[in-house]
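# Fold and contact review
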Amino acid sequence: MIKFLDLQKINAQYNEELKEASNRIIDSGWYLLGEELTNFENNYASYCKSQYALGVANGLDALRLIFRAYIELGIMSKGDEIIVPANTYIASVLAITDNELIPVFVEPNLKTYNLDSFVLEEVITSKTKGILTVHLYGQIAIDDKMLALCNKHNLKLIEDGAQSHGALYNGKVSGAIGDVGAHSFYPGKNLGALGDAGAITTNNEELYTAIKALRNYGSHKKYENIYQGYNSRLDEIQAAFLNVKLKYIDKDIEGRRAVANYYLSNIKNSNVILPEVLDDKSHVWHLFVIRTKNRVRLQKYLLDNRIQTLIHYPIPIHHQEAYKNYNHLKLPITELIHKEVLSLPLSAVHSIEDIKHIVSIINSY
Ligand SMILES: *Cc1c(COP(=O)(O)O)cnc(C)c1O
C-alpha cells in the first residue's frame with residue numbers, strides 16, 4: 001500500500017536529533033516557557049521574516065488568540081464580521097465564532113480554491129473588521145488587490161497559514177504578509193511537531209504583547225493578570241522537536257515541489273482536473289488536490305491499486321451540524337469542491353517509484 005502520509009518515515013529522517021532533543025528536555029527539568037521555546041520563537045520569526053513569533057498550543061488556538069487579542073485591544077468587537085473562505089477547514093471558522101464574531105462565508109475561486117479578491121468588495125460592510133485568508137493546500141491566498149482593499153476599508157488581514165509554511169509572496173513569507181499569521185504544527189502539517197503545537201507571527205508589538213499574555217492565563221507578570229486568558233503554551237519538548245525539523249523545512253518543500261511538478265507534467269486524464277499554480281514559490285504543496293466527477297469510483301480504483309487517498313474536506317462548514325444556523329446557505333462553488341476533491345499522496349519521503357505508479361494508475365483510469 002502506498003500510504004497517503006507516512007509520519008514514521010518522515011520523522012525517522014531526524015531520528016537521532018529528535019531523540020537527542022527529547023533526552024535533553026527530559027534531563028533539563030524545565031518543560032514549559034523555557035529556552036527551547038524562546039529559541040524556536042526566534043528561529044521561526046527569522047524563517048518567516050517576521051519581527052515576532054509566539055508559540056502556542058495548536059493552530060486553532062493561534063487563530064482564537066488572534067481574534068481574542070483584537071477584541072481585548074478594542075480593534076474588533078463581538079458581532080463584527082470577518083470574511084472567510086467557505087471551503088476552508090473548520091478550525092478557521094471555529095476561531096471566529098468562538099470569539100462571537102460573525103463569519104461571512106465567501107465562495108473561493110474554482111481554479112485556486114482560495115479567496116478571490118474580485119468578489120471581496122461586494123461582501124464588505126460597515127461591520128467588516130477583517131479578512132481571514134486561508135492559504136489552502138499550501139498556496140498563498142493574498143494578492144495586491146486584497147492588500148489594497150484591506151488598506152482602503154481599514155480591515156485586518158489575518159493569515160491562516162496552517163498549510164503553507166514557507167510559501168512566498170513577493171519575497172514575504174506565509175504568515176508575515178498580512179497583519180498577523182496563525183501557524184499549525186500538527187504532526188501531518190508541512191512543519192509538524194510530534195504532538196500538537198502552533199504559533200503566531202506578527203510585526204505588531206501591541207498584538208504580540210497581548211497574545212503573549214493571553215496564552216498564559218492573561219498574565220504578563222507572574223500572578224498578575226491583565227486579561228481573562230487561556231492556557232495555550234507550546235511545550236519545551238515540542239519546541240525542541242520543531243527546532244530540529246525547522247532546519248530541514250526548505251529541503252522538504254523542495255521534495256514536495258518535485259513530486260507536485262511530476263504530477264502536473266505527467267498526469268494526463270480528461271476525468272481529472274489538476275490544481276493550478278500561480279507561481280512556483282507561492283505553493284508549498286501541503287496537499288495535491290485533484291477534482292473528478294465520480295470521486296467514489298476513482299478513489300476505489302486507486303485503492304484497488306494500493307494507493308491511499310484522502311478528502312480535504314468531505315462536508316462544507318455551512319452543511320455541518322455544528323453550524324445549523326448556516327445550513328440554509330447556498331454556496332454552489334464550495335459545494336462542488338467538497339463533492340469532487342481528492343488528495344493524492346505527496347511528501348518528500350514518497351519514492352519516485354511510488355509516484356510513478358500513482359501517475360500510471362491515474363492515467364489508466
Ligand atoms: C490544521 C489546520 C488548522 C488547525 O490547526 P491545529 O493545529 O490542528 O489546531 C487550522 N486551519 C487550517 C487551514 C488547517 O489546515
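Report on the accompanying structure.

Parameters and conventions
Residues numbered from 1 in each chain as written. Predicted model: local features only at pLDDT ≥ 70, side-chain atom pairs only at ≥ 80, totals over all residues. Heavy atoms only, no water. Patch = residues over 30% accessible without salt bridge, like charges linked within 9 Å, V, L, I, M, F, W, Y side chains within 5 Å. Areas by Shrake-Rupley, 256 points an atom, 1.4 Å probe, with all protein chains shown as cover. Salt bridge = Lys/Arg side-chain N within 4 Å of Asp/Glu carboxyl O. Helix = DSSP H or I, 4+ residues; strand = E, 2+ residues; numbered from the N terminus. Buried < 20%, exposed > 50% of the residue type's maximum accessible area, 1.4 Å probe, protein only. Near = heavy atom within 4 Å. Polar contact = N/O pair within 3.5 Å; in protein donor to acceptor, adjacent residues only side chain to side chain. Pairing = 2+ DSSP bridges. Right-handed = clockwise from strand over helix to strand, strands pointing away. Axes fitted to C-alpha atoms, helices over the stretch in contact; angles between N-to-C directions. Parallel < 35°, antiparallel > 145°, perpendicular 65-115°, else oblique. Left-handed = near helix turned anticlockwise from the far one by under 90°. Contact = heavy atoms within 4.5 Å. Nonpolar A, V, L, I, M, F, W, Y, C, P; charged D, E, K, R; others polar. Phe/Tyr/Trp six-rings, centres within 6.5 Å; stacked < 30°, edge-to-face > 60°.

## Let's talk about a nonpolar patch on the surface
A contiguous nonpolar surface patch, about 250 Å² in accessible area, is contributed by Tyr31, Leu32 and Leu33. Within the secondary structure, Tyr31 sits in the loop between helix 2 (15-28) and helix 3 (35-47). Note on Tyr31: relative accessible area 45%, which makes it partly exposed.

## What to know about the site of the ligand
Residues in contact with the ligand amount to 13 residues; listed here are only the nearest, Gly59, Asp160, Gln163, Ser184 and Lys189. For the ligand, a nitrogen atom lies 2.7 Å from a polar atom in the side chain of Asp160. Between an oxygen atom of the ligand and a side-chain N or O atom of Ser184, the distance comes to 2.6 Å. Protein contacts shield 90% of the accessible area of the ligand, which totals 380 Å² for the unbound molecule.

## Considering the pairing of strand 2 (residues 81-85)
Of all five residues that make up strand 2, five are buried, and the element is covered over most of its length. Bridge analysis of strand 2 against strand 3 (residues 102-106) gives five bridges, and the strand direction is parallel. Considered in strand 3, the bridge of Ile82 is made with Pro103. For the crossover from strand 2 across helix 5 (residues 90-98) to strand 3, the handedness is right-handed. Of the strand pairs in this sheet, strand 2 and strand 4 (residues 128-134) are connected by three bridges, and their pairing is parallel. Note that in strand 4 the partner of Glu81 across the bridge is Thr128.

## Quick word on the packing of helix 4 (residues 59-72) against helix 8 (residues 205-214)
For the pair helix 4 and helix 8, the least separation of the axes is 9 Å and the interaxial angle reads 115°. Between helix 4 and helix 8, the angle falls in the class roughly perpendicular. Here the hand of the crossing between helix 4 and helix 8 comes out right-handed. Note on element contacts: helix 8 touches helix 4 through Leu207, Ala210, Ile211 and Leu214, opposite Leu65, Ile66, Arg68, Ala69, Tyr70 and Glu72. Residue classes in the contact of helix 4 with helix 8 are distributed as eight nonpolar, no polar and two charged.

## Digging into the packing of aromatic side chains
Counted by the stated rule, this structure contains 13 aromatic pairs. Taking 5.3 Å as the distance between ring centres and 45° as the angle between the ring planes, the aromatic pair formed by Tyr301 and Tyr365 counts as tilted. Highlighted residues: Tyr301 in helix 11 (residues 295-304) and Tyr365 in the segment after helix 13 (352-363), separated in sequence by 64 residues. These aromatic residues form a ring-pair network of at least three members: Phe40, Tyr44, Tyr47 and Phe185.

## Some thoughts on the environment of Arg295
Locating Arg295 in the fold gives a position in helix 11. Separated by 82 residues in sequence, Arg295 and Ala213 have C-alpha atoms that sit 46 Å apart. Of note is the side chain of Arg295, whose polar atom sits 2.8 Å from the backbone oxygen of His338. Among the polar contacts made by the side chain of Arg295, one reaches the main-chain carbonyl oxygen of Val341 at a distance of 2.8 Å.

## Considering helix 12 (residues 332-340)
Each α-helix turn comprises 3.6 residues. Residues three or four places apart therefore point the same way. Along helix 12, the residues classified as buried are Thr334, Ile337, His338 and Glu340. For helix 12, the elements touching its buried residues are strand 12 (288-291), helix 11 and strand 13 (341-344).

## Some remarks on the sheet that holds strand 5 (residues 156-160)
Across the sheet, seven strands lie side by side as 1-9-8-5-4-2-3; this open sheet has mixed pairing. Bordering the open sheet on either side are strand 1 (52-56) and strand 3, each of which pairs with just one other strand. In this sheet, adjacent strand axes meet at a mean angle of 20° when their direction is disregarded. The pairing of strand 5 with strand 8 (residues 180-184) spans three bridges and is classified as parallel. Within the sheet, the bridge partner assigned to Glu159 lies in strand 8 and is Gly181.

## Here's the deal with the environment of Ala239
Tracing the chain through its elements places Ala239 in helix 9 (residues 236-246). Here the alpha-carbon distance between Ala239 and Leu32, two residues 207 residues apart in the chain, equals 9.6 Å. Aside from chain neighbours lying at most four places away, what touches Ala239 is Glu36, Leu37, Phe40 and Leu234.

## With respect to the pattern of salt bridges
In this structure the tally under the stated criterion is 18 salt bridges. Here Arg64 ties to Asp61 by a salt bridge, and the two come within 2.6 Å at their closest N and O atoms. Of this pair, Arg64 and Asp61 both sit in helix 4, separated by three residues, roughly a single helical turn. By relative accessible area, which is 10% here, Asp61 ends up buried. Here Glu321 makes a salt bridge to Lys324, at a shortest N to O gap of 3.9 Å. Residue classification places Glu321 among the exposed residues on the basis of a relative accessible area of 64%.

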